[in-house]
Amino acid sequence: MPHRDAHNETLRNIAIIAHVDHGKTTLVDAMFQQSGTFREGKETAERLMDSMELEKERGITIAAKNCSINWKKIKINILDTPGHADFGGEVERALSMVDGAILLVDASEGPLPQTRFVLSKALDAGLKIIVVINKIDRGDARPLQVVDDISDLLIELDATDEQLDYPLFFAIGKDGIAKTGLEDESSDLQPLFEAITNEIPAPAYESEAPFQMLVSDLSYSDFLGHLAIGKVINGSAKSKDNLVCLGENGRRFPMNVSRLQVYTGPVLSDASEAKAGDIVVLSGVEEVHIGDTICTSENPRPLPRISVDQPTVSMRFTANNSPFAGTEGRYVQAGKLADRLERETLRNVSLQVEPAEDGDGFTVKGRGEFQLAILIETMRREGYELCVGRPEVIYREENGKRTEPIELLSVDCEEHFAGVVTEKLSGRKGRMVSYVNHESGRVRLEFNLPSRALIGYRDEFLTDTRGTGIMNSYLLGYEEYRGEFSQRFTGSLVSDRRGEAVAYALFNLEPRGVIFVVPGERVYEGMIVGEHNRENDLDVNPCKEKKLSNMRAAGKDDNIILSPVLPMTLERAIQFIREDEMVEITPRSIRLRKRILQAAERKVAAKRKG
């Protein structure tokens, strides 16, 4: 390990770690406002760091993003990390660029499983931790118990003595207040800023070493081409310098730095020079991947590549081949789909794309079904049409035995729902590991269960808890396969022809199950129009019209009142389908369908399989 004998005291690089909805993005907004990043009176958007459209809609952080503030002549680079374990690849990239982390925890909920996941990565990287208990103004806040929970968690994660001796703050993020004691008076975030500059170590580097930068993120500009984002580990570089990019297996690509940029607030600005510790954006290299090293051509020394956890879930992506293909999207061809998935792997180190074994489409592997759902939603908004199969866990062979990914699931629900939740999860090979009752009417349950048990369970859980339950999980590791269990006890109602759904037909189908389509909606043979009450699939005619008479027109009946149809969301569709079913996704529609559309061919395939 090279000896780093110097520090850049004008810089601090920190990541903010928090679970979804614990107030991370709101706190960053307050840091911007109080550090003087914006001039007084300037209009600024709320949740500034959630810049993606999907992030604003869902209220979560999906992509790790960078920004900076200045405090007493020290520049603080802040990396906003996702709070969801499915975006672990984003977390690992962000943590490779920082020297410390702020752990932000809700004063009521305490540390949740996915906080644990990101925190374990930060501790493994040897980062200095600052703990902030946020939302102490909540009516059900229990800040002192949460402090004990955090200490227990750090000990459990094998934190060092130095990491256990953490600075502690209590905060109200939305009011921009942080203080060292619950009874202290404070009107701003000054105590937190002081701790960042005093407690977080300045970036260390080798004073005699040549320029080295680790590529931790990629972006693309229509004007500048590919952009490499990362932290300068050693040395310095200037715009127009001739450098070299070191890829995997000793590959080398020359590059000329056409533009060098750094973060000023939430935006990029041009810089003449990048020094050790800086987080910079370089343009001028086409062949660059996450984990590459950019250095001088005279003294090329590669840095250790970023390593990420292996994927646990796979899904099949294919070009849309339904009768309605090409009518609602711009990109339909398999080649366009392949190019788009290839581009995604360049930006997302935790994603893998391989051709499907049977040659039909691609197998996309990721950290969880939520990560893949976000990718699909992003693609449909870009104009892609595609079909995807059911998420499947990735099994491994260890010592001649089949092993599967195991998750730790945390459930927060009202006390009288604990029984039904426990019953359902036990049937899915789950094992309860803890039951905590804070005597507030709600309980916290923890289960150790296979990852495949969670596929399709979320909607069922929300129904069982009347929409009041909260569940979170993270990957524990791999264990021996726990055996089969049934995940869906119902079949599908499948359209046997092409046409338009008619109210009269749907009314007569309602006793058979739950209908997914509305009158006037286009259907085709093999499209799933509802969930059957029984285990088997049923071919039905949703286009059947009422016989003509001299009293009414066909398909028209004022007396028909249909049950309301719950709009089909992407997550619900992915969780509903079976192995022989797919989701057809276009910019305008989400449809469920059989993989083999023709009823006669499905019967032949079933006989062959049987």
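Refer to the structure printed above.
Residues numbered from 1 in each chain as written. Predicted model: local features only at pLDDT ≥ 70, side-chain atom pairs only at ≥ 80, totals over all residues. Heavy atoms only, no water.

A. View of the overall build of the chain. Within the chain one finds 14 helices and 37 strands. Scored against the burial criterion, the 610 residues of the chain give a buried share of 55%. Long-range contacts, defined here as pairs at least 24 residues apart, represent 72% of the contacts in the chain between residues at least 6 apart. A total accessible area of about 28,000 Å² is found for the chain, and carbon and sulfur atoms account for 47% of it. (Helix = DSSP H or I, 4+ residues; strand = E, 2+ residues; numbered from the N terminus. Buried < 20%, exposed > 50% of the residue type's maximum accessible area, 1.4 Å probe, protein only. Contact = heavy atoms within 4.5 Å. Areas by Shrake-Rupley, 256 points an atom, 1.4 Å probe, with all protein chains shown as cover.)

B. Quick look at the side chain of Ser495. Mapping Ser495 onto the fold places it in strand β30 (residues 492-495). Classification of Ser495 by relative accessible area gives buried; the value is 1%. In terms of polar contacts, Ser495 uses its side chain to reach the backbone carbonyl oxygen of Tyr524, at 3.5 Å. The residues touching Ser495, leaving out its near neighbours within four places in the chain, are Val523, Tyr524, Glu525, Gly526, Met527, Val529, Val540 and Pro542. (Polar contact = N/O pair within 3.5 Å; in protein donor to acceptor, adjacent residues only side chain to side chain.)

C. Structural view of the pattern of salt bridges. Counted by the stated rule, this structure contains 35 salt bridges. Note that Lys365 is salt-bridged to Glu354, the shortest N-O span being 3.3 Å. Pair noted here: Lys365 is in strand β22 (residues 362-366) and Glu354 is in strand β21 (residues 352-355), with a separation of 11 residues, a long-range link. We classify Lys365 as buried; its relative accessible area is 19%. A cluster of three or more residues bridged by salt bridges with shared partners is formed by Asp537, Arg578, Asp580, Glu581 and Lys594. (Salt bridge = Lys/Arg side-chain N within 4 Å of Asp/Glu carboxyl O.)

D. Structural view of the nonpolar core. Grouped together as the largest cluster of nonpolar side chains are 38 residues, with contacts concentrated most on Leu103, Leu119, Ile129, Ile133 and Ile150. Residue contacts for Ile150: discarding those within four places in its chain leaves Leu103, Val105, Pro111, Val131, Ile133 and Tyr166. Counting 29 residues, the second-largest nonpolar core is a separate cluster that includes Leu341, Phe362, Ala373 and Phe576. (Core = buried A, V, L, I, M, F, W, Y, C linked by side-chain atoms within 4.5 Å.)

E. Here's a closer look at the environment of Ile200. Structurally, Ile200 is set in the loop between α7 (190-199) and β9 (204-205). Spatially, the C-alpha atom of Ile200 lies 8.0 Å from that of Ile129, the residues being 71 residues apart in sequence. Setting aside residues no more than four positions away along its own chain, Ile200 makes contact with Arg12, Asn13, Ile14, Asp99, Gly100, Ala101, Lys128, Ile130 and Ala195.

F. Here's a closer look at the packing of helix α10 (residues 418-427) against helix α11 (residues 457-464). Look at α10 against α11: their axes get within 10 Å of each other, and the N-to-C directions meet at 155°. Looking at the two axes, α10 sits roughly antiparallel to α11. Here α10 and α11 pass one another in a crossing that is right-handed. For the pair α10 and α11, the contacting residues are Val420, Val421, Lys424 and Leu425 in the first and Tyr457, Glu460, Phe461 and Asp464 in the second. (Axes fitted to C-alpha atoms, helices over the stretch in contact; angles between N-to-C directions. Parallel < 35°, antiparallel > 145°, perpendicular 65-115°, else oblique. Left-handed = near helix turned anticlockwise from the far one by under 90°.)

G. Structural detail: the packing of aromatic side chains. Counted under the stated rule, the structure contains 6 aromatic pairs. Their ring planes at 35° and their centres at 4.6 Å tell us that Tyr331 and Tyr384 sit as a pair that is tilted. Of this pair, Tyr331 sits in the loop between β20 (313-319) and α8 (334-347) while Tyr384 is found in the loop between α9 (369-381) and β23 (386-388), placing the two residues 53 residues apart along the sequence. Exposure remark for Tyr331: the relative accessible area of 22% places this residue in the partly exposed category. (Phe/Tyr/Trp six-rings, centres within 6.5 Å; stacked < 30°, edge-to-face > 60°.)

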